Amino acid sequence: MLLMPISLPRLTALASTLLLSTLCALPMTVQAQDGKPVEKKTQKKAVDKKDKKDKKTAEKKARPPAKKTVAAADQGEFVNFNEWKDVARFMDEMAERNQFQRSDLNALFARTRYVDSAIQLIKPAPSNKPKNWAAYRARFVEPVRINAGVDFWNTYGVALARAEAQYGVPMEIIVGIIGVETVYGRNTGNFRVMDVLTTLAFDYPNTANRDARMAFFRGELENTLLLTREAGIDPMSLRGSYAGAIGWPQFMPGSIREYAVDFDGDGKIDLRNSPVDAIGSVAHYLAVHGWQRGEPVAFPVTVSSDNRQWEAMLNQGLEAKYTVEELQAAGISTSGLPAALRFGLVDLQNGTGPTEYWVATNNFYAITQYNRSYFYAMSVADLGRAVASARNR
Ligand SMILES: [Ca+2]
């Protein structure tokens with residue numbers, strides 16, 4: 001399988017050093033819905049900030065104050081969600097659209113708790129802190145995760161090979177994703193999914209994209225109700241990340257319903273207890289989101305300091321659209337790039353150090369459909385390669 005072609009002789013010195021020092025690759029995922037990489041997110045102008053603030057204040061006033069005596073953070077605190085107007089409206093919709101019993105929903109939300117730590121964790125990182133690819137990568141491409149990846153691959157090699165054959169997604173990419181997400185099932189999250197999704201759906205922090213994010217989490221809450229009804233499980237039994245992502249591959253409930261597969265053939269989909277279902281589901285997800293069998297992921301490049309037309313190619317969506325000729329004309333090194341493919345330009349900022357530049361194919365952008373971040377996608381590729389390399393030692 002071709003990933004970053006480390007054997008190519010024409011890599012730049014910088015890139016070769018980088019690859020040698022890193023040979024072989026990293027986060028918890030909230031799928032941002034705005035189509036931009038999380039790391040690249042630019043704040044919208046605060047046009048309607050005041051309106052939103054006023055609205056939020058009004059909403060707050062309409063609610064009983066949350067009790068401040070709290071159990072452990074991920075246990076949440078009791079608030080009576082049944083008394084929240086927006087929650088009541090949501091329950092009405094669920095009863096009408098999905099034929100849930102209103103009394104069942106009332107009982108469910110009476111047991112649901114408010115998790116302030118989910119609010120704190122979902123807040124965007126302070127934008128004054130420079131992004132640092134090297135620091136991010138080091139959290140994920142490190143010995144503990146690499147060794148766990150070797151064990152995982154050795155244990156589930158047959159399923160990994162079957163997923164690669166069926167969906168065209170290389171084993172090391174699947175291994176990279178499950179490692180970055182949960183260290184191979186070690187860290188799948190212990191928040192009650194109902195608690196965090198309800199909290200985020202109805203009390204999302206006051207960010208520029210708040211309305212869209214609340215709508216997203218309301219959708220995931222609906223999917224949780226549907227998923228657990230379809231699977232015949234208690235919604236309160238579902239546990240996951242602070243954002244409601246579930247199981248070895250950290251799928252959101254809607255992604256489970258849409259993209260997860262029963263890959264071990266036991267008749268049910270279980271991403272919490274079946275690593276084989278997780279493997280098939282990750283591969284299926286990437287295949288559906290544009291993964292092209294046999295194509296590479298990304299190539300390191302250098303950019304010209306004289307001809308800076310390449311700057312306009314940054315942040316042009318999660319799509320590979322430039323030809324090799326266009327890259328070259330814009331001041332980007334192109335030796336070794338397959339002429340038939342198209343590329344996007346990716347910058348990986350390193351704090352106060354020099355930025356790394358890569359050109360990425362649509363396979364790279366397929367990984368960003370899992371988590372809309374350049375850092376995330378590159379870490380997945382790097383961790384997968386690190387695990388593959390460690391197995392061959
Ligand atoms: Ca299964």
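Residues numbered from 1 in each chain as written. Predicted model: local features only at pLDDT ≥ 70, side-chain atom pairs only at ≥ 80, totals over all residues.

Draft legend 1. Focus on the overall build of the chain. A count of helices and strands for the chain gives 15 helices and 7 strands. The burial tally for the chain puts 44% of its 393 residues in the buried class. (Helix = DSSP H or I, 4+ residues; strand = E, 2+ residues; numbered from the N terminus. Buried ≥ 20, exposed ≤ 12 C-beta atoms within 10 Å, placed from the backbone.)

Draft legend 2. Spatial organisation of the confidence of the model for the chain. Put simply, the chain has an average pLDDT of 85, and 81% of its residues get 70 or more. The low-confidence segment residues 1–73 (pLDDT under 50) makes 124 contacts with residues lying over four places distant or belonging to another chain. (pLDDT = per-residue confidence, 0-100. Contact = placed C-beta atoms within 7 Å.)

Draft legend 3. Up close: the sheet that holds strand E6 (residues 344–350). Taken in spatial order, the 3 strands of this open sheet run E5-E7-E6, and their pairing is antiparallel. Bordering the open sheet on either side are strand E5 (298–301) and E6, each of which pairs with just one other strand. Neighbour to neighbour, the strand axes of the sheet diverge by 35 degrees on average, direction disregarded. By the bridge criterion, 4 bridges tie E5 to strand E7 (residues 353–360) in an arrangement that is antiparallel. Its bridge partner being in E7, valine 301 is matched across the sheet by tyrosine 357. (Pairing = 2+ DSSP bridges. Axes fitted to C-alpha atoms, helices over the stretch in contact; angles between N-to-C directions.)

Draft legend 4. The arrangement of helix H3 (residues 85–98) in detail. Taking 1.5 Å of rise per residue, 14 residues should cover 20 Å, and H3 covers 20 Å from first to last C-alpha, within 8% of that figure. The set of residues buried in H3 consists of Val87, Phe90, Met91 and Met94. Projection of H3 onto a plane perpendicular to its axis shows the buried side chains occupying an angular sector of 100 degrees, all on one side. In this structure, H3 carries Lys85, Arg89, Asp92, Glu96 and Arg97 as exposed residues pointing more than 90 degrees from its buried face. Residues of H3 that are buried sit in contact with helix H4 (102–111), helix H9 (193–203) and helix H10 (210–231). Where H3 terminates, the next one or two residues include glutamine 99, which has phi positive at roughly 55 degrees. (Expected span 1.5 Å × (residues − 1). Arc of directions from axis to C-beta.)

Draft legend 5. Molecular detail of the nonpolar core. Judged by nonpolar contacts, the single largest core of 103 residues is most densely connected at Ile174, Ile279, Val359 and Ala360. Per element, the largest residue contribution to this core is 11 residues, and it comes from helix H15 (residues 374–391). If near-sequence neighbours (up to four positions away) are discounted, alanine 360 is found in contact with Val297, Ala298, Ala320, Phe343, Gly344, Val346 and Tyr365. (Core = buried A, V, L, I, M, F, W, Y, C linked by C-beta atoms within 7 Å.)

Draft legend 6. Spotlight on the environment of methionine 252. Along the chain, the position of methionine 252 falls in the loop between strand E4 (239–240) and helix H11 (253–259). By the C-beta count within 10 Å, which is 26 here, methionine 252 ends up buried. With 32 residues separating them along the chain, methionine 252 and glutamate 220 place their C-alpha atoms 7.1 Å apart.

Draft legend 7. Molecular detail of the pairing of E7. The pairing of E6 with E7 spans 6 bridges and is antiparallel. Considered in E7, the bridge of leucine 345 is made with valine 359. Here E6 folds back onto E7, and the loop between the two strands holds 2 residues, one of which, glycine 351, carries a positive phi near 60 degrees.

Draft legend 8. Molecular detail of unusual backbone geometry. The residue glutamine 99 is not glycine, and still its phi comes out positive at about 55 degrees. Tracing the sequence through the fold places glutamine 99 in the loop between H3 and H4. On the neighbour-count criterion, glutamine 99 (8 C-beta atoms within 10 Å) is exposed. Phi at tyrosine 184 takes a positive value of approximately 55 degrees, unusual for a residue other than glycine.

Draft legend 9. Representation of the environment of aspartate 347 in the model. Here aspartate 347 lies in strand E6. Take aspartate 347: there are 20 C-beta atoms within 10 Å of it, and that puts it in the buried class. Sequence separation between aspartate 347 and tyrosine 374 is 27 residues, and the spatial gap between their C-alpha atoms is 8.0 Å. Setting aside residues up to four positions removed in sequence, aspartate 347 forms contacts with Leu314, Thr355 and Tyr357.

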